[in-house]
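# Working through the structure, step by step
Spelled out, the chains give:
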Number of protein chains: 2
Amino acid sequence: MTQISQLGEFGLIHRLTDKLKPHNVSTEKSIGDDAAVLSMHNKRTLVTTDLLLEGIHFNLEYVPLKHLGYKAAVVNISDICAMNATPTQLLVSLGISKRFSVENIEELYSGIRLACERYGVDIVGGDTCSSMTGLTISITCIGEAKKGDIVYRNGAKENDLICVTGNLGSAYLGLQLLERERIVMQANPEGTPAFEGKEYLLQRQLKPEARLDIVEKLRKADIHPTAMMDISDGLSSELLHICTQSGVGCAVYEDKLPIDYEAAVLAEEMNLNIVTCALNGGEDYELLFTIPLSDYEKVIPLTFDKDDISIIGHITKAEYGTRMIARGGEEITLRAQGWDMGNN
Amino acid sequence: MTQISQLGEFGLIHRLTDKLKPHNVSTEKSIGDDAAVLSMHNKRTLVTTDLLLEGIHFNLEYVPLKHLGYKAAVVNISDICAMNATPTQLLVSLGISKRFSVENIEELYSGIRLACERYGVDIVGGDTCSSMTGLTISITCIGEAKKGDIVYRNGAKENDLICVTGNLGSAYLGLQLLERERIVMQANPEGTPAFEGKEYLLQRQLKPEARLDIVEKLRKADIHPTAMMDISDGLSSELLHICTQSGVGCAVYEDKLPIDYEAAVLAEEMNLNIVTCALNGGEDYELLFTIPLSDYEKVIPLTFDKDDISIIGHITKAEYGTRMIARGGEEITLRAQGWDMGNN
């Protein structure tokens, strides 16, 4: 194990960023100066940032550092995708306590780099310093898009179709599983965690993906969403954002919510309501968007693969409220519970 | 005092960012979506980020929250100025422990907003979350410049003049003063700190400014620096960066180093070597840059005001090393001591 003090700040940065090669022509100047320089030409520049703190956003008891790095990058890349844009650059700031060795931080960084490779994103800057306690990760992601391609949260119109990608609630159930097994392991350190058959849920929690593929598929299909965001706090919370900002209401159908069977089985096993998990469980990083009813024909081919798009409802006048129509036909008002469930 | 939990994340963000009005036409979409949208047209986009952690970068025993916010913004704005560019947007992420009330965070944010007003910068995004302990501030600053105006660290050429703005070592001495009085006050809480006549040094430490004025003056004077950076870790350290990246050496003259008289008096009083403070004391956020010898005539008018520019030496061939010529004529090799002095 190498102490970080042996390398110093500049030595550590050099070790982490030495072999980075840019993927994007827009990356004119990367790490090594006071600022990175980007050349977006006629496109728009998009910027988003996220702060991740140990003990609040992640628990290193069950999250491997490489996964943590991957997820920290993906969460930001997902925000750029949620604007219907292409992620291009990333800045990574780390606050590191004495508990971490150089190898630990390389492990974390290798996850960040893996995500950047996967999504064609260049690491162009950041800041590295010591911290008093715990690990702090602050990531800023830059993206680009043509002005006309960008999708905000405020464009949903009456009769638009409400779509989500992939499935919902799996990441939340993955977290419940990790928590359960952590407690079991504390009581019996000799045992092995009961993860068999639930690998997919773990992956959804530990190694989420950003839906850049959907951004590209929508473009190819010539579908321009009217409103879009990614689902980090839970479907209900995000739908309410779109409805509030667009000045509309919504009706989503319980039986249309895409739910993975592993998630349904675990919810049953843990005595959790799977629909509540799908509505309020966060961190799925799927895309939620609305499209004009006239694009119905175009979107149908994208609903064939269950990992692609599901149509879950439609936008209504604001006065009809934000509703879920349950299987039995009763109407339930959607509420934001992301914050209370601790998915911030 | 209002507990942050009473407002929740969105309530707090709303309260902090409610009345922000953009200054820059490049700010197309600010806070309220997955990412901010910037329109830089034919200009280049510059990005820099800094992470500030309580107990490492600041001590709230003697740094008022409003000053801390101001400085956190200025440090990043300074990095954009150091590229010879214009700062335009800022993203602010805060990790907040239970110790802080809503009013505390408003105080911090008011300092950030004040700096943004002063420098014409728009706050366009960020992230706010709770932390286990202490305050975490992560700021990303965006700027713009024409491609040809951008100045990197690697362009210094033999015979170029080495210039610095303002004076050096004052911020470091301000910190020594605060530390000294903190210890005195601990021993005698009834006393008052001995700050009289030293307000300027405190201001340099607590409320530094970015030298955007110099960027503008250089532009007006039609001077295009060959290399530039801001002095955050100390003159020696930064000069070494420029020399290494440009593949050159340097000679700076001890008697040309701009030193404020209050700083000199306090150094004497505290038995510190003022030249060492000027060379290695960090956080002055002045600009260090090199200009072609042929621009000598143009720069002279900018050296009349002592707060503007001082010519402190010249660039040499790499084989002559990185030297300071002392008053007595002896040559001293410059060393980077920023890290060891704890100015990171």
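This one's a predicted model, so the numbers in the text were calculated from it and none came from an experiment. Numbers given to residues run from 1 along each chain, matching the order in which its sequence is written. Following the order in which they are written, the chains are lettered starting with A and the ligands numbered starting with 1. Per-residue local features are limited, in this predicted model, to residues with pLDDT of at least 70; the limit for side-chain atom pairs, both in listing and counting, is 80 or more; totals at the level of whole chains, interfaces and linings are taken over all residues. Calculated side-chain values reflect all of the structure's heavy atoms, with hydrogen atoms and water omitted.

## Things to note about the confidence of the model for chain A
Residues and elements named next belong to chain A. For clarity, the threshold we go by: For every residue, the predictor assigns a confidence score, pLDDT, that lies between 0 and 100. Whether two residues touch is decided by their heavy atoms; if any such pair falls within 4.5 Å, the residues are in contact.
Model confidence for chain A is summarised by a mean pLDDT of 92, while 98% of its residues fall at 70 or above. Residue range residues 338-344 is modelled with pLDDT below 50. Its contacts to residues more than four positions away, or to other chains, number 19 contacts. This prediction of the complex comes with two scores: 0.92 for pTM and 0.90 for ipTM.

## Quick look at the pattern of salt bridges
When their charged atoms lie close together, side chains carrying opposite charge are able to pair. Stated precisely, the cut-off is as follows: Definition used for salt bridges: Asp or Glu carboxyl oxygen within 4 Å of a side-chain nitrogen of Lys or Arg. Helix and strand definitions follow DSSP, with helices as H or I runs of at least four residues and strands as E runs of at least two, each counted in order from the N terminus. Type-normalised accessible area, obtained with a 1.4 Å probe on protein chains alone, sets the label of each residue: buried when under 20%, exposed when over 50%, and partly exposed for intermediate values.
Tallied over the full model, the rule gives 53 salt bridges over all chains. For A:K43, the salt bridge is made with A:E144, and the minimal N-O distance between the two is 3.6 Å. Pair noted here: A:K43 is in the loop between strand 2 (36-38) and strand 3 (44-53) and A:E144 is in strand 6 (residues 136-145), with a separation of 101 residues, a long-range link. Under the relative-accessibility criterion, A:K43 is labelled partly exposed at 31%. The class for A:E144 is buried, based on a relative accessible area of 17%. Ionic pairing is found between B:E286 and B:R211, a salt bridge with its closest N-O pair at 2.8 Å. Placement of the pair is B:E286 in the loop between helix 9 (274-280) and strand 10 (287-291) and B:R211 in the loop between helix 5 (199-206) and helix 6 (212-220), with a sequence separation of 75 residues. B:R211 carries the same exposure label as B:E286, and that label is buried.

## Section: the packing of helix 4 (residues 170-187) of chain B against helix 8 (residues 261-269) of chain B
The description of two helices packed together rests on the angle between their axes and the distance between the axes. All names here are of chain B. Cut-off, in case you're wondering: Lines fitted to the C-alpha atoms define the axes, with helices restricted to the stretch that makes contact. Angles between their N-to-C directions range from 0 to 180 degrees. Under this scheme an angle from 65 to 115 degrees is roughly perpendicular, one under 35 degrees roughly parallel, and one over 145 degrees roughly antiparallel; angles in between are oblique. By convention, the crossing between two helices is left-handed when the near helix turns anticlockwise from the far helix through less than a right angle, and right-handed when the turn is clockwise. For this classification, the nonpolar set comprises Ala, Val, Leu, Ile, Met, Phe, Trp, Tyr, Cys and Pro, the charged set comprises Asp, Glu, Lys and Arg, and every other residue, Gly included, is treated as polar.
It is at 10 Å that the axes of helix 4 and helix 8 come closest, and there the two elements cross at 45 degrees. Relative to helix 8, the element helix 4 lies oblique. Crossing hand, helix 4 versus helix 8: left-handed. Two secondary-structure elements touch here, helix 4 through S170, L173, L177 and R180 and helix 8 through A263, L266, A267 and E269. Counted by class, the contact of helix 4 with helix 8 contains five nonpolar, one polar and two charged residues.

## Focus: the side chain of A:T322
All names here are of chain A. Of note, T322 is situated in strand 12 (residues 322-325). Judged by relative accessible area, which is 15%, T322 ranks as buried. In contact with T322, not counting residues within four places along its chain, are L240, C243, G249, C250, I332, T333 and L334.

## Side note on the sheet that holds strand 4 (residues 86-96) of chain A
The test is simple: A pair of strands counts as paired when DSSP detects no fewer than two bridges linking them.
Taken together, the six strands give an open sheet; going across it, the order is 5(A)-4(A)-6(A)-3(A)-2(B)-1(B), and neighbouring strands pair in mixed fashion. Looking at the sheet topology across the chains shown, the edges are occupied by strand 5 (122-130) of chain A together with strand 1 (27-29) of chain B. Put simply, the sheet's adjacent strands are angled 25 degrees from each other on average, direction ignored. The pairing of strand 1 of chain B with strand 2 (residues 36-38) of chain B spans two bridges and is antiparallel.

## Quick word on the pairing of strand 3 (residues 44-53) of chain B
Counted residue by residue, strand 3 of chain B has ten buried out of ten residues, so it is predominantly covered. Neither face of strand 3 of chain B is exposed, since B:R44, B:L46, B:T48, B:D50 and B:L52 on one face and B:T45, B:V47, B:T49, B:L51 and B:L53 on the opposite face are all buried. Relative to strand 3 of chain B, strand 2 of chain A runs antiparallel, the two being bridged by three bridges. Within strand 3 of chain B, the position partnered with A:A36 by the bridge is B:V47. By the bridge criterion, ten bridges tie strand 3 of chain B to strand 6 (residues 136-145) of chain B in an arrangement that is antiparallel. When the bridges of strand 6 of chain B are listed, B:L46 appears paired with B:G143.

## Comments concerning the interface of chain B and chain A
Frequently, the measure chosen for interface size is the accessible area removed from exposure when the parts meet. Our working definition: Buried area: the sum, over both parts, of the accessible surface (1.4 Å probe) that disappears when the two are put together. Whenever a nitrogen or oxygen atom comes within 3.5 Å of another N or O atom, the pair is scored as a polar contact, on the condition that within protein one atom can donate a hydrogen and the other can accept it, and that pairs from neighbouring residues in sequence are kept only if both atoms are in side chains.
Taken together, the 61 residues of chain B in the interface contact 61 residues of chain A. Buried surface at the junction of chain B and chain A, both sides included, amounts to about 4800 Å², of which 55% is carbon and sulfur. Counting across the interface, chain B meets chain A through eight salt bridges. For the salt bridge of A:K147 with B:E28, the shortest nitrogen-to-oxygen distance reads 3.5 Å. Counting across the chain B and chain A interface gives 20 residue pairs in polar contact (both at pLDDT 80 or more).

## What about the packing of aromatic side chains?
Under the convention used in this document: We call Phe, Tyr and Trp rings a pair once their centres come within 6.5 Å, taking the six-membered ring for Trp, and we label the pair stacked below 30 degrees between planes, edge-to-face above 60, and tilted otherwise. Charge-over-ring placement is defined geometrically: NZ (Lys) or CZ (Arg) within 6 Å of the ring centre, and within 35 degrees of the ring normal.
Here the structure, examined in full by the defined rule, presents zero aromatic pairs over all chains. Over the aromatic face of B:Y119 sits the side chain of B:R118, whose NZ or CZ is 4.6 Å from the ring centroid.

## Section: the relation of the copies chain B and chain A
Here is the rule we go by: A residue counts toward the fit only if its pLDDT is at least 70 in both copies, and the copies are then superposed by least squares on the C-alpha atoms of those residues.
Structural alignment of chain B on chain A gives an RMSD of 0.0 Å, achieved by rotating through 180 degrees and translating 0.0 Å along the axis. This pairing of chains is accounted for by a two-fold axis. Comparing interface residues between copies, 100% of those in chain B also sit at the interface in chain A, which points to an isologous, same-surface contact.

## A closer look at the sheet that holds strand 13 (residues 331-333) of chain A
Residues and elements named next belong to chain A. Strand order across the open sheet formed by seven strands is 8-10-7-11-9-12-13, with mixed pairing between neighbours. Whereas interior strands pair on both sides, the edge strands pair on one side only; in this sheet they are strand 8 (227-230) and strand 13. Averaged over all pairs of adjacent strands, the angle between strand axes in this sheet comes to 25 degrees, irrespective of strand direction. Here strand 8 pairs with strand 10 (residues 287-291) via four bridges, running antiparallel. Following the sheet pairing, M229 is matched in strand 10 by L288. Set on the sheet, helix 6 (residues 212-220) makes contact with strand 7 (161-165), strand 10 and strand 11 (309-316); between it and strand 10 the angle comes to about 20 degrees.

## Let's talk about helix 4 of chain B
The α-helix advances 3.6 residues per turn, and as a result positions three or four apart in sequence lie on the same side. Just so we agree on the cut-off: Working rule for helices: expected span equals 1.5 Å times residues minus one.
With 18 residues, helix 4 of chain B extends 26 Å between its outermost C-alpha atoms, agreeing within 8% with the 26 Å of an ideal straight helix rising 1.5 Å per residue. Among the residues of helix 4 of chain B, B:S170, B:A171, B:Y172, B:L173, B:G174, B:L175, B:Q176, B:L177, B:L178, B:E181 and B:R182 are the ones counted as buried.

## Some points on the packing of helix 5 of chain B against helix 8 of chain B
Residues and elements named next belong to chain B. Where helix 5 contacts helix 8, the axes come no closer than 9 Å and their chain directions differ by 100 degrees. The orientation of helix 5 with respect to helix 8, classified from their angle, is roughly perpendicular. Across the interface between the two elements, E199, Y200 and L201 of helix 5 pack against E262, A263 and L266 of helix 8. Tallied by class, residues from the contact of helix 5 with helix 8 come to four nonpolar, no polar and two charged.

## What about unusual backbone geometry?
In this structure, A:N84 is a non-glycine residue whose phi angle is positive, near 65 degrees. With respect to the helices and strands, A:N84 occurs in the loop between helix 2 (65-81) and strand 4.

## Concerning the state of the cysteines
Which entries qualify depends on this criterion: Disulfide assignment relies on a single distance test, namely cysteine sulfur atoms paired within 2.5 Å.
One pass over the structure, following the stated rule, counts zero disulfides over all chains. This cysteine, B:C116, is not joined by any disulfide, and B:C141 carries the nearest cysteine sulfur, 7.6 Å off.

## Considerations on the environment of A:V124
Residues and elements named next belong to chain A. Secondary-structure assignment places V124 in strand 5. For the pair formed by V124 and L90, sequence separation is 34 residues and the distance between their alpha carbons is 6.0 Å. Among residues more than four places away in sequence, those in contact with V124 are T27, S30, I31, A36, Q89, L90 and L91.

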